[in-house]
Amino acid sequence: MHPMLNTAVKAARRAGAIINRASLDIDRLRVSRKDQNDFVTEVDQACEAAIIEILSTAYPSHGFLGEESGLTVGGSKTEQAPENLWIIDPLDGTTNFIHGMPVYAVSIGLMQKGQITQAVVYDPSRDELFLASKGKGAYVNDRRLRVSKRDRLEESLIGTGFPFKRQEQIDAYLSMFKQVSSRAAGLRRPGAAAIDLAYVAAGRYDGFFEMGLMPWDAAAGSLLITEAGGYVGNFQGEADYLFSENIVAANPKVFAALVSVLSAYELPPNQAARAFQPKAA
């Protein structure tokens, strides 16, 4: 295992232990509301701090983009991302976690010179550890991952997520949902994009699409999929998905079918994720 990936696994497991302990007594959690339908708990914050502590101790010159802390280097806020940037969602699926629904994960990805090179998605409730290093394949608990072989959307199980933070997009989303659901074998919406993406890599889903995803939602999962033989893009099928907030991921044939449906939708620009995009050298 690559040394950086090994360190990320240590960090993800530390966060997973915090989550599992807290899950035993959810009623005592302190929950704050960041925005409409967007919650944060003391567990999110404790997990992010633990992850950054482990990674920054090993790699003090690296930067961090965390859902709770934003863009930092050496513990201080910055506007310029360094060449080595850890992109972290300490608890993807917070709303599920608050309600005791065991669908949530820790997501850690390393971006180096604009490319995701290391990825960890850890599901602490199932003790499933999804890993990938660029060019070295993707694995879950030491088993090699491959995307599914289904080649028709009509036979496919597709994951999705609702644009719950951006209600102005709900009409466009519902139209997409109708188009995809009328063709696919089934649609699922568990509520944690990191797990959804890992499941595409594992062949449990044949594809996935969502609008409004931030970089920390998709960074690690995207590498799992490409290393498992799948494709990831925006709704036009282009490589600009990590900071465009719109993502489609699938095995190659289903990817093409989903893009043929989703590319018809003109979505309003959103600059929230662009603010974190590394500037070209």
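Please refer to the structure higher up on the page.
Computed from a predicted model, the values in this text were never measured in an experiment.

Q: Account for the overall build of the protein chain, with residues named and values stated.
A: Scanning the protein chain from terminus to terminus reveals seven helices and 16 strands. Relative to the compact-globule value of 19 Å for 281 residues, the protein chain shows a C-alpha radius of gyration of 18 Å, a close match. Along the three orthogonal principal directions, the C-alpha set of the protein chain runs to about 50 × 40 × 35 Å. A sequence separation of at least 24 residues applies to 64% of the contacts in the protein chain between residues at least 6 apart. Here the protein chain has roughly 12400 Å² of accessible surface; of this, 49% comes from carbon and sulfur atoms.

Q: Any details on the pattern of salt bridges? Residues and values, ideally.
A: This model, assessed by the stated rule, comprises ten salt bridges. Note that Arg13 and Asp127 form a salt bridge whose closest N and O atoms lie 3.3 Å from each other. With Arg13 in helix 1 (residues 3–23) and Asp127 in the loop between strand 8 (115–123) and strand 9 (128–133), this pair connects stretches of sequence that are 114 residues apart. A salt bridge links Glu155 to Arg152, with the nearest nitrogen and oxygen atoms 3.2 Å apart.

Q: Requested: an account of the sheet that holds strand 9, with residues and values cited.
A: Overall, mixed pairing links the nine strands, which are arranged 5-4-3-6-7-8-9-10-11 in an open sheet. Two strands close off the open sheet at either side, each with one partner strand: strand 5 (76–77) and strand 11 (143–144). When strand 10 (residues 138–140) meets strand 11, the two strands line up antiparallel, connected through two bridges. From the neighbouring strand, Val140 faces strand 11, where its bridge partner is Arg143.

Q: Which residues make up the side chain of Asp89, and what values do they have?
A: With respect to the helices and strands, Asp89 occurs in strand 6 (residues 84–92). On the basis of relative accessible area, Asp89 is assigned to the buried category, the value being 0%. Setting aside chain neighbours within four positions, we find Asp89 in contact with Glu67, Ala105, Val106, Ser107, Trp216 and Asp217.

Q: Could you give an account of the sheet that holds strand 16 (residues 246–250), with specific residues and numbers?
A: Pairing is mixed across the open sheet formed by five strands, whose spatial order is 13-12-14-16-15. Each having just a single partner strand, strand 13 (186–188) and strand 15 (231–233) make up the two edges of the open sheet. Mean inter-strand twist for the sheet, computed between neighbouring axes without regard to direction, equals 15 degrees. For strand 12 (residues 157–161) and strand 13, the ladder comprises three bridges, and the chain directions are parallel. When the bridges of strand 13 are listed, Leu157 appears paired with Gly186.

Q: Could you give me a rundown of the pairing of strand 16, with the residues and numbers involved?
A: Within strand 16, five of the five residues are buried, which leaves the element mostly enclosed by the surrounding structure. Alternating positions in strand 16 separate into two faces, Asn246, Val248 and Ala250 on one and Ile247 and Ala249 on the other, with burial throughout. Pairing geometry for strand 14 (residues 207–211) and strand 16, over five bridges, is antiparallel. Within strand 16, the residue paired with Met211 across the bridge is Asn246. Looking at chain direction, strand 15 and strand 16 are connected through three bridges and run antiparallel. Looking across to strand 16, one finds that Val232 is bridged to Ala249.

Q: Explain the packing of aromatic side chains to me, using residue names and the numbers behind them.
A: Evaluation of the coordinates by the stated rule reveals nine aromatic pairs. By way of ring pairs, the aromatic residues Phe162, Tyr173, Phe177 and Phe209 are connected into one cluster.

Q: Describe helix 6 (residues 215–227), and please don't skip the residues or the numbers.
A: Between its first and last C-alpha, helix 6 extends 18 Å over 13 residues, near the 18 Å set by a 1.5 Å rise per residue. Considering bend angle alone, the principal kink of helix 6 is centred on Gly221 and spans about 25 degrees. Restricting attention to buried positions, one finds in helix 6 the residues Pro215, Trp216, Asp217, Ala218, Ala219, Ala220, Gly221, Ser222, Leu223, Leu224, Ile225 and Glu227. Positive backbone phi, at 95 degrees, marks Gly229, one or two positions downstream of helix 6.

Cut-offs and rules
Residues numbered from 1 in each chain as written. Predicted model: local features only at pLDDT ≥ 70, side-chain atom pairs only at ≥ 80, totals over all residues. Heavy atoms only, no water. Helix = DSSP H or I, 4+ residues; strand = E, 2+ residues; numbered from the N terminus. Rg over C-alpha atoms; globule rule 2.2 N^0.38 Å. Contact = heavy atoms within 4.5 Å. Areas by Shrake-Rupley, 256 points an atom, 1.4 Å probe, with all protein chains shown as cover. Salt bridge = Lys/Arg side-chain N within 4 Å of Asp/Glu carboxyl O. Pairing = 2+ DSSP bridges. Buried < 20%, exposed > 50% of the residue type's maximum accessible area, 1.4 Å probe, protein only. Axes fitted to C-alpha atoms, helices over the stretch in contact; angles between N-to-C directions. Phe/Tyr/Trp six-rings, centres within 6.5 Å; stacked < 30°, edge-to-face > 60°. Expected span 1.5 Å × (residues − 1). Bend = angle between axes of the 7 residues up to and from the residue.

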